[in-house]
Amino acid sequence: MTATIIDGKAIAARKRAEVAIRVQALEARGITPGLAVVIVGDDPASEVYVRGKEKACDEVGIYSTKHTLPETTTQAELLALVGELNCRSDIHGVLVQLPLPGHIDEDAVIEAIDPAKDVDGFHPLSVGKMLVGQQTFLPCTPHGVMVLLEETGVDLTGKEVVVVGRSNIVGKPVSMLLLSKNATVTICHSRTADLDFHTGRADVLVVGVGQPEMIKGSAIKPGAIVIDVGINRVDGRLVGDVEFDTAVERAGAITPVPGGVGPMTIAMLMDNAVTAAERATAHE
Ligand code: NAP
Ligand code: LUD
């Protein structure tokens, strides 16, 4: 039996279409949602992702501005730009693409973003609100993972869910969202003693480690739902953190790379940008 392929590309397209309808409703009130994307340096992967974000903005009707700064930009210069964007009334969402050059303190930049415009959901206030279940901006990739799981129809209540990776942008937040849906969540990382033991018990396995094809089919519970967040370039080809060819023979459902979580990250960003505009203009 081979797994059902979870078509992130198609699900993301549907989400963008839903967002476009909300943009029309804002337009009818004379409001155009605006998103500012800041990119520092010339990391080729970041450029691809930011281009995808601009293209999605055009498609759904969000006004977007792109701010490309040189690798040599100082932290003070970047903070000054973030400060300007925070003040602009035509910009409802501000995003600084990561990673930043080594001489810039990422935490300081994230904290400088107005939480009302934090469409990445990376600000500590946003993270804290998510943790306690208050309304905020959910981080795009973890939120995209939750939407993909919802689309499979799985009821997470009581399920054994294993997350591999504990980063601030993937593993930790996705674990908290899964917990909020009543899953029993195990978080694994580079110091986990027996990774296969944990992955082999997972009804739902979410992997975000940045290690090409690290999780083999033999480590997956037969019939499990596998969400592969990883994006790795190997010999000019994109592969996930899961070895797709062996995993697809074991899993019940699996996301491909590309065409899985990646497009969802962008779709959920569109959702957050429009939400930011809706919230900022609720009393207009
Ligand atoms: P990261 O910050 O490098 O974190 C990697 C995590 O994986 C860490 O928690 C690390 O453990 C763990 N890990 C590394 N090697 C491991 C091993 N051999 N066994 C078990 N755990 C291991 O990476 P990230 O930002 O979370 O990104 C992870 C992957 O997702 C990357 O491929 C990235 O490109 C991709 N990504 C995709 C999207 C998307 O939209 N699809 C979004 C974000 C990231 P320690 O904490 O112990 O070091
Ligand atoms: N920083 C992100 N850094 C990296 N894949 C993305 C991403 C689209 N501040 C901030 O955009 O949300 C972010 N906010 N991230 N990422 C990763 C992470 C950030 C990753 C993949 C894709 C955004 C994407 O569209 C395509 C796919 O998987 O099908 C493939 C695109 C390709 O590389 O050809």
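Our subject is the structure listed above.
Residues numbered from 1 in each chain as written. Chains lettered and ligands numbered in written order. Predicted model: local features only at pLDDT ≥ 70, side-chain atom pairs only at ≥ 80, totals over all residues. Heavy atoms only, no water.

**Here's the deal with the overall build of the protein**
Rules: A run of H or I in DSSP counts as a helix once it spans at least four residues, and a run of E counts as a strand once it spans at least two, with each numbered from the N terminus. We compute the radius of gyration over the C-alpha atoms and compare it with the globule rule, which gives 2.2 Å times the number of residues raised to the power 0.38. Burial classification: accessible surface area is computed with a 1.4 Å probe over protein chains only, and a residue below 20% of its type maximum counts as buried, one above 50% as exposed, and the rest as partly exposed. Two residues qualify as a contact provided that any one of their heavy atoms is within 4.5 Å of a heavy atom in the partner residue.
Secondary structure assignment for the protein yields 10 helices and 11 strands. Over its C-alpha atoms the protein spans a radius of gyration of 19 Å, differing by no more than 12% from the 19 Å that the globule rule assigns to 284 residues. Dimensions of the protein, computed from the C-alpha atoms along their principal axes, are close to 50 × 40 × 35 Å. Every one of the 284 residues in the protein was classed for burial, and the buried ones make up 48%. In the protein, of all internal contacts separated by at least 6 residues, the share reaching a separation of at least 24 is 71%.

**Structural notes on the environment of Gly208**
When you line up the elements, Gly208 lands in the loop between β7 (204-207) and β8 (225-228). Judged by relative accessible area, Gly208 falls into the buried class, the value being 19%. Separated by 37 residues in sequence, Gly208 and Gly171 have C-alpha atoms that sit 6.5 Å apart. Filtering out sequence-adjacent residues up to four positions away, Gly208 remains in contact with Val164, Gly165, Val170, Val229 and Asp241.

**Quick word on the packing of helix α1 (residues 8-28) against helix α6 (residues 140-152)**
What counts, and what does not: Throughout, an axis means a line fitted to C-alpha atoms (over the contacting stretch in the case of helices), and angles, computed between N-to-C directions, take values from 0 to 180 degrees. Between 65 and 115 degrees an angle is taken as roughly perpendicular, under 35 as roughly parallel, over 145 as roughly antiparallel, and anywhere else as oblique. Residue type decides the class: Asp, Glu, Lys and Arg count as charged, Ala, Val, Leu, Ile, Met, Phe, Trp, Tyr, Cys and Pro as nonpolar, and the leftover types, Gly among them, as polar.
Put simply, α1 and α6 touch, their axes get as near as 11 Å, and they point 105° apart. The orientation of α1 with respect to α6, classified from their angle, is roughly perpendicular. Of the residues in α6, those in contact with Gly8, Ile11, Arg14 and Lys15 of α1 are Val147, Leu148 and Glu151. Its residues placed into classes, the contact of α1 with α6 shows 3 nonpolar, 1 polar and 3 charged.

**Focus on the sheet that holds β7**
What counts, and what does not: Being paired, for any two strands, means DSSP has found at least two bridges between them.
The sheet built from 6 strands is open, its strands ordered β1-β11-β8-β7-β5-β6 with parallel pairing. Strand pairing shows two members of the sheet lacking a second neighbour, β1 (4-5) and β6 (184-188), which therefore form its edges. In terms of strand pairing, β8 meets strand β11 (residues 253-254) through 2 bridges, oriented parallel. Considered in β11, the bridge of Ile225 is made with Ala253. Set on the sheet, helix α7 (residues 171-180) makes contact with β5 (160-164), β6 and β7; between it and β5 the angle comes to about 170°.

**Structural notes on the nonpolar core**
Quick note on the threshold: In plain words, nonpolar cores are sets of buried Ala, Val, Leu, Ile, Met, Phe, Trp, Tyr and Cys residues tied together by side-chain atoms within 4.5 Å.
Leu35, Ile62, Leu178, Val206, Ile227 and Met270 are the most contacted members of the largest nonpolar core, which totals 51 residues. A total of 11 residues in this core trace back to one element, the largest contributor, which is helix α10 (residues 261-280). In this structure, Ala219, Ile220, Ala224 and Val248 belong to the second largest nonpolar core, which totals 18 residues.

**Digging into the site of ligand 2**
Going by this rule: For each residue, the test is whether any non-hydrogen atom lies within 4 Å of the molecule or strand; if one does, the residue is near. The definition of a polar contact used here is a pair of N or O atoms within 3.5 Å, where within protein one atom must be able to donate a hydrogen and the other to accept one, and adjacent residues in sequence count solely through side-chain atom pairs. Here the Shrake-Rupley method, with its probe set to 1.4 Å, supplies the accessible areas, and only the displayed protein chains count as covering residues.
Ligand 2 sits among 17 residues. The nearest are Lys53, Val96, Asp120, Arg233 and Gly259. Measuring from an oxygen atom of ligand 2, one finds a side-chain N or O atom of Arg233 at 2.6 Å. Bound to the protein, ligand 2 loses 82% of the 670 Å² it would expose on its own. The element best represented in the shell around ligand 2 is α10, accounting for 4 residues. Among the residues making up the shell around ligand 2, the classes are represented as 10 nonpolar, 4 polar and 3 charged.

Nothing here speaks to function; it is geometry throughout.
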